[in-house]
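Descriptive structure summary
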Amino acid sequence: MHIADGVLPLSVTLGGYLAAGLVAALKVRKVRQEELPKLAVVTSAFFVAGLIHIPLGPTSVHLLLPGLAGVLLGSSAFLGIGLGLVLQSLLLQFGGLTVVGANTIMMGLPALACGWIFHRFKKTGRWRQMLLGGLMGGLGVVLAALGLALLLVSGGEDFWGVAQIALLAHLPVIIIEGLITAMTVGFLARVKPELLLTPHHFRSESPHA
Amino acid sequence: MPDAVSSSLPLWQILLLIVFLLLALAAASQALRCLFRGQSSEEDRDWSVPPLEASKGRSFFHSWDVRCKIIALVGFSFLVVSLDHLSLAFGALTVSMVALIAARIPFSRALMRLTAVAAFVALLLVIMPVTVPVHPGDRLVVLTEKQWLVFNLRGLDLALTIGAKAMAVALLMEPLLGTAPLPITLHGLSRLGVPKLFGQMVLLSHRYLYVFQEEAGRMATGMRVRGFQRSSGLSNLRVFGSFLGMLFIRSFERTERVFSAMQARGYHGAFPEPETKTLSCIDVLLAVLWLLAGTCLVLADRLMQ
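This structure is a prediction, so every number in the text was calculated from the model and none was measured.

Reading the values: rules and limits
- Residues numbered from 1 in each chain as written.
- Chains lettered and ligands numbered in written order.
- Predicted model: local features only at pLDDT ≥ 70, side-chain atom pairs only at ≥ 80, totals over all residues.
- Heavy atoms only, no water.
- Helix = DSSP H or I, 4+ residues; strand = E, 2+ residues; numbered from the N terminus.
- Buried < 20%, exposed > 50% of the residue type's maximum accessible area, 1.4 Å probe, protein only.
- Contact = heavy atoms within 4.5 Å.
- Core = buried A, V, L, I, M, F, W, Y, C linked by side-chain atoms within 4.5 Å.
- Domains from an automatic or database assignment.
- Patch = residues over 30% accessible without salt bridge, like charges linked within 9 Å, V, L, I, M, F, W, Y side chains within 5 Å.
- Areas by Shrake-Rupley, 256 points an atom, 1.4 Å probe, with all protein chains shown as cover.
- Salt bridge = Lys/Arg side-chain N within 4 Å of Asp/Glu carboxyl O.
- 1 Å grid on protein atoms, 1.4 Å probe; cavity = no way out; pocket = protein on both sides within 12 Å on 5 of 7 lines; lining within 4 Å.
- Points joined across faces, edges and corners; volume = space filled by probe spheres on them.
- Nonpolar A, V, L, I, M, F, W, Y, C, P; charged D, E, K, R; others polar.
- pLDDT = per-residue confidence, 0-100.
- Buried area = accessible area lost by both parts, 1.4 Å probe.
- Expected span 1.5 Å × (residues − 1).
- Phe/Tyr/Trp six-rings, centres within 6.5 Å; stacked < 30°, edge-to-face > 60°.

Here the focus is the environment of Lys123 of chain A. Residue and element names in this part refer to chain A. Note that Lys123 resides in the loop between α5 (100–121) and α6 (126–153). Looking at Lys123, the relative accessible area reads 59%, which means it is exposed. With 74 residues separating them along the chain, Lys123 and Leu197 place their C-alpha atoms 9.2 Å apart. Those residues in contact with Lys123 that sit more than four places away from it in its chain are Arg128 and Gln129.

Set out below in structure tokens:
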């Protein structure tokens with residue numbers, strides 16, 4: 001779920017840009033400059049993954065993937081997600097141009113948290129990683145939904161109801177996203193475990209250059 | 001709610017109204033979808049080529065200096081989203097429509113943007129009249145005598161205002177992005193002080209997005225050919241998980257190859273810069289006028305309170 005233009009007060013949209021810019025500047029320092037093009041290319045894969053619709057009963061949901069981004073990109077996840085949201089806004093009008101900053105904070109911080117927890121506790125073992133990955137997939141959506149509700153509430157008490165309904169609407173997404181992330185992480189642990197090995201894929205010397 | 005002005009409507013009328021509204025929305029979205037399907041299937045195009053290219057039209061948007069264009073349109077967008085009154089939000093929407101027509105670009109992409117916004121706005125239109133707290137002086141529509149469902153017209157007004165603002169900004173995106181090639185627009189952005197790296201990364205991921213989209217499409221075709229059917233069982237989620245995993249493995253591997261290729265061609269952290277035009281007086285004047293229009297809207301908005 002992305003916030004459209006015109007919902008948030010101007011102070012929140014500008015503050016969102018400021019905060020997102022600050023975090024991004026901090027994170028860019030941690031990544032080697034020449035690794036950034038790689039991050040850009042991987043981001044486009046996340047963009048495409050976010051367009052896939054998973055059937056859910058009579059309707060379908062599309063994936064948000066903050067958890068998986070954190071798991072795969074580590075501390076670069078914030079940059080990747082910000083870039084992805086800019087593209088979604090420019091190309092598809094998912095989330096307005098004026099709220100890209102706030103949306104990036106809402107999705108990027110959960111991704112950072114999920115990535116940190118995953119790489120802190122993953123150890124080895126496929127089942128353990130799969131379970132943890134699934135939990136992170138769910139947690140990412142929970143945190144993002146809470147962020148969305150918080151941002152909406154910043155618009156005043158008129159938005160309380162909308163925020164509550166937005167939270168409720170995320171419940172099925174949490175389950176689906178958790179399951180899918182678990183399956184994806186399980187698949188990667190079996191097929192290409194080195195993608196899960198390096199938490200800072202874009203910082204270290206690339207293992208398979 | 002002693003001070004609130006209320007009027008009552010029978011429940012069946014309201015239900016009928018909601019049903020009609022939903023039907024109209026569904027029909028409209030279906031019609032639009034058909035329209036797009038028809039258009040995209042006509043030209044059997046190569047999806048690995050990015051579509052966000054400049055249309056070849058000639059309008060003042062096409063010849064406007066890109067830096068002035070960015071400042072004027074983005075600044076105007078920020079002014080628009082700070083509006084509070086419905087009438088002025090519609091005023092901004094009118095300005096955007098005039099801009100869209102003046103830019104003489106194909107209408108279909110603007111329509112796509114509107115449908116993307118419409119889903120969000122429709123949600124607000126349904127939720128907000130019911131959930132907005134009642135203030136003194138609000139106009140209420142009470143259904144039946146029991147008052148278990150109250151429509152607050154202030155909520156409707158709020159949702160409509162948001163919708164108009166969102167659409168006004170969405171419509172400006174096409175004159176902003178569709179009238180110059182993306183590299184030129186991003187170069188203009190970097191000349192305005194945004195780090196060059198940002199523009200480079202947007203360009204790169206914009207280019208590879210279509211490559212991966214095609215790759216995902218090929219993988220989906222392979223799945224269909226092998227008898228995969230979409231449904232929401234647990235085993236199906238496993239297939240989706242593997243699908244995503246494979247997409248990421250391929251993308252990470254391709255990333256390495258792309259980067260090696262870039263280095264082999266002498267990449268040093270910078271792309272060659274497009275040629276730039278010199279800034280003319282008219283460019284600046286137009287930008288100032290545009291921002292003045294936005295400021296007038298905001299001033300009028302504040303005075304109305």
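A separate point is the nonpolar core. If you look at the biggest cluster of nonpolar residues, it comprises 134 residues, and the most contacted ones within it are Phe46, Ile54 and Leu72 of chain A together with Phe248 and Trp290 of chain B. A per-element tally of this core places helix α8 (residues 196–225) of chain B first, with 12 residues. Counting the residues that make up this core, at least three belong to each of domain 1 (1–45 + 106–177) and domain 2 (196–264) of chain B. Excluding its chain neighbours within four sequence positions, the residues that come into contact with Phe248 of chain B are Ala45, Phe46, Ala49, Leu68, Leu72 and Leu195 of chain A.

Turning next to a nonpolar patch on the surface. Residues Leu279, Val284, Leu285, Val288, Leu289 and Leu292 of chain B make up a contiguous nonpolar surface patch of roughly 530 Å² in combined accessible area. Along the chain, Leu279 of chain B falls in the loop between α9 (234–264) and α10 (281–303).

To continue, consider the layout of surface pockets. By volume, the second largest pocket is sized at about 1100 Å³. Lining the second largest pocket we find 33 residues, and of these Tyr17 and Val86 of chain A together with Leu189, Val194 and Phe198 of chain B sit closest to its centre. Of all elements in the fold, only α1 (10–30), α4 (77–92) and α5 of chain A together with α3 (66–81), α6 (153–177), α7 (182–191) and α8 of chain B reach the threshold of two or more residues within the lining of the second largest pocket. For the lining of the second largest pocket, the residue count by class is 28 nonpolar, five polar and no charged.

Within the secondary structure, Val142 of chain A is located in helix α6. Classification of Val142 of chain A as partly exposed rests on a relative accessible area of 30%.

Another point: the confidence of the model for chain B. Residues and elements named next belong to chain B. Summary statistics for chain B give a mean pLDDT of 81 and a share of 84% for residues scoring 70 or more. Between the elements of chain B, mean pLDDT differs from a low of 58, seen in strand β1 (residues 5–9), to a high of 92, seen in α3. In this model residues 39–48 is a low-confidence stretch, pLDDT under 50, and it forms seven contacts with partners more than four residues away in sequence or in other chains.

Each side of the interface is counted separately: chain A has 69 residues, and chain B has 68 residues. Across the chain A/chain B interface, buried area totals approximately 6000 Å², and carbon plus sulfur atoms make up 80% of it. When the buried area of chain A at its contact with chain B is split by residue, Leu91, Gln93 and Asp158 of chain A rank highest and sum to 11% of it. Inspection of the chain A/chain B interface yields three salt bridges.

Looking now at the pattern of salt bridges. All names here are of chain B. Taken as a whole and judged by the stated rule, the model has 11 salt bridges over all chains. Note that Asp301 and Arg302 form a salt bridge whose closest N and O atoms lie 2.6 Å from each other. Accessibility expressed as a relative area gives 38% for Arg302, which makes it partly exposed. Shared partners join several salt bridges into a network, and the residues in it are Glu214, Glu215, Arg218 and Arg254.

Turning to α4 of chain A, a few remarks are in order. Residue and element names in this part refer to chain A. Helix length check: α4 (16 residues) gives 21 Å between terminal C-alpha atoms against 22 Å at 1.5 Å per residue, within 8%. For α4, the buried fraction is high: 15 of the 16 residues fall into the buried class. Downstream of α4 by one or two residues, Gln93 has phi in the positive range, about 65°.

A word on the packing of aromatic side chains. Residues and elements named next belong to chain B. One pass over the full model with this rule turns up seven aromatic pairs over all chains. Between Phe61 and Trp290, the ring centres sit 5.8 Å apart and the planes meet at 75°, which makes this aromatic pair edge-to-face. Of this pair, Phe61 sits in helix α2 (residues 60–63) while Trp290 sits in helix α10, and the two are 229 residues apart along the sequence. Comparing Phe61 with Trp290, the two get one shared label, buried. Aromatic ring contacts, followed pair by pair, group Phe61, Trp64, Phe76 and Trp290 into a single cluster.

Another point: the confidence of the model for chain A. Across chain A, pLDDT averages 86, with 91% of residues at or above 70. Note that pLDDT drops below 50 for residues 203–209 of chain A; the model gives that stretch 14 contacts with residues more than four away or on any other chain.

We now examine unusual backbone geometry. Residue and element names in this part refer to chain A. Of note, the phi angle at Leu65 is positive, near 65°, even though the residue is not glycine. Its location among the elements puts Leu65 in the loop between β2 (59–62) and α3 (66–73). Here Leu65 falls in the buried class, since its relative accessible area comes to 4%. The phi dihedral of Gln93 falls on the positive side, at around 65°, and the residue is not glycine. Looking at the element boundaries, Gln93 is found in the loop between α4 and α5.

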